[in-house]
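Read off the chains here:
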Amino acid sequence: MNYWLMKSEPQAFSITDLKKRPQQTEHWDGVRNYQARNFMRAMKKGDLAFFYHSSCEVPGVYGIVEIAHEAYPDDTAWDRKNSHYDPKSTPEEPRWYMVDVRFKRELKHPITLTQIKNQAALKNMRLVQPGSRLSVMPVTAKEWDTILKLSEE
DNA sequence: GCCAACGTTGGC
DNA sequence: GCCAACGTTGGC
């Protein structure tokens, strides 16, 4: 079992939106960064991920999702009308991948970016490394537990 | 809206 | 293969 963190701008797609989707499941498409893509390809069905809200009033971890389907080609890449259209990706040779995520639950208390930065046990999190802008990244079991524990307090 | 950090592109 | 220019991310 692996742990992850996935970022989304809540005005585009929030944990609440995911909760309202049929089967509470949605494709995680639009990732156009190789490192993030590689992390998605490493995801296994049943892995858990934090749902992180970015570029919003209070950035932070708001909920937990489960990987419901392992990586498969992201067809938005060859849709000309899609804002993430990439002519270098084709159905024959897909460059970008997506996974399906299923809503698990919201955190009782969301853990804000500020809290994460102030927590000694979390100072090595990839999320808070200077210049780290990855939208998909791994989280260690220890970091996972620390955030969960904080969210129950 | 600003801007620092980073990734990608493309000319050479 | 270098590197400048440009675009994007995301916190503030």
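Preceding block: the structure.
What you see is a predicted model; the values in this text were computed from it and never measured.

A. Representation of the nonpolar core. If you look at the biggest cluster of nonpolar residues, it comprises 41 residues, and the most contacted ones within it are Met6 and Trp28. Once residues within four sequence positions are removed from consideration, Met6 is found in contact with Trp28, Met40, Met43, Ala49, Phe50, Phe51, Tyr52, Ile67, Val99, Val101, Ser135 and Val136.

B. Molecular detail of the sheet that holds strand β2 (residues 25-28). Read across the sheet, six strands follow the order β2-β5-β4-β3-β1-β6 without closing on themselves; strand pairing throughout is mixed. Lying at the two open borders of the sheet, with one neighbouring strand each, are β2 and β6 (136-139). Strand-to-strand, the axes of this sheet are offset by a mean angle of 40 degrees, without reference to chain direction. Two elements, strand β4 (residues 60-73) and strand β5 (residues 97-112), share 10 bridges in a ladder whose sense is antiparallel. Across the sheet, residue Gly60 finds its bridge partner in β5, namely Thr112. The sheet contacts of helix α4 (residues 141-152) involve β1 (3-8), β3 (48-53), β4, β5 and β6, and relative to β5 the element is tilted by about 45 degrees.

C. Representation of the pattern of salt bridges. Applying the stated rule across the entire model yields five salt bridges. Taking the shortest distance from any N to any O, the salt bridge between Glu106 and Lys19 comes out at 3.1 Å. Separated by 87 residues along the polypeptide, Glu106 in strand β5 and Lys19 in helix α1 (residues 15-20) bring together distant segments of the chain. Several salt bridges converge on common partners, so that one network encompasses Glu66, Arg102 and Lys104.

D. Geometry of α4. For α4, spanning 12 residues, the distance from its first C-alpha to its last is 17 Å, which sits close to the expected 16 Å at 1.5 Å a residue. Taken residue by residue, α4 has Glu143, Trp144, Thr146, Ile147, Leu148, Leu150 and Ser151 as its buried positions. Along its buried surface, α4 packs onto β1, β3, β4, β5, α3 (113-118) and β6.

E. Structural context of the side chain of Thr76. For Thr76, the location among the structural elements is in the loop between β4 and β5. Polar contacts involving the side chain of Thr76 include one to the side chain of Asp74, which spans 2.6 Å. Dropping the residues within four chain positions of it, Thr76 is found in contact with Asp29, Gly30, Arg32, Asn82, His84 and Tyr85.

F. Seen up close, the protein's contact with DNA strand C. Every residue near DNA strand C is listed here: Lys7, Tyr52, Ser54, Ser55, Pro59, Leu113, Lys117, Arg133 and Leu134. Restricting the count to atoms of DNA strand C within 4 Å of the protein gives a sugar and phosphate share of 79%. Between DNA strand C and Lys7, the relevant distance is 2.9 Å, taken from a phosphate oxygen to a side-chain nitrogen or oxygen of the residue. Of the residues belonging to the surface near DNA strand C, the class tally is four nonpolar, two polar and three charged.

G. The arrangement of the packing of aromatic side chains in detail. Applying the stated criterion across every chain, the model contains seven aromatic pairs. Here Phe50 and Trp144 contribute two aromatic rings whose centre-to-centre distance is 3.8 Å and whose plane-to-plane angle is 15 degrees, an arrangement assigned as stacked. You can see Phe50 sitting in strand β3 and its partner Trp144 sitting in helix α4, a full 94 residues away along the chain. Aromatic rings pair up to connect Tyr3, Phe50 and Trp144 into one cluster. Here Arg41 stacks its cationic end above the ring of Tyr97, 4.8 Å away from the centre of that ring.

Reading the values: the criteria
- Residues numbered from 1 in each chain as written.
- Chains lettered and ligands numbered in written order.
- Predicted model: local features only at pLDDT ≥ 70, side-chain atom pairs only at ≥ 80, totals over all residues.
- Heavy atoms only, no water.
- Core = buried A, V, L, I, M, F, W, Y, C linked by side-chain atoms within 4.5 Å.
- Buried < 20%, exposed > 50% of the residue type's maximum accessible area, 1.4 Å probe, protein only.
- Contact = heavy atoms within 4.5 Å.
- Pairing = 2+ DSSP bridges.
- Helix = DSSP H or I, 4+ residues; strand = E, 2+ residues; numbered from the N terminus.
- Axes fitted to C-alpha atoms, helices over the stretch in contact; angles between N-to-C directions.
- Salt bridge = Lys/Arg side-chain N within 4 Å of Asp/Glu carboxyl O.
- Expected span 1.5 Å × (residues − 1).
- Polar contact = N/O pair within 3.5 Å; in protein donor to acceptor, adjacent residues only side chain to side chain.
- Near = heavy atom within 4 Å.
- Nonpolar A, V, L, I, M, F, W, Y, C, P; charged D, E, K, R; others polar.
- Phe/Tyr/Trp six-rings, centres within 6.5 Å; stacked < 30°, edge-to-face > 60°.
- Lys NZ or Arg CZ within 6 Å of the ring centre and 35° of its normal.

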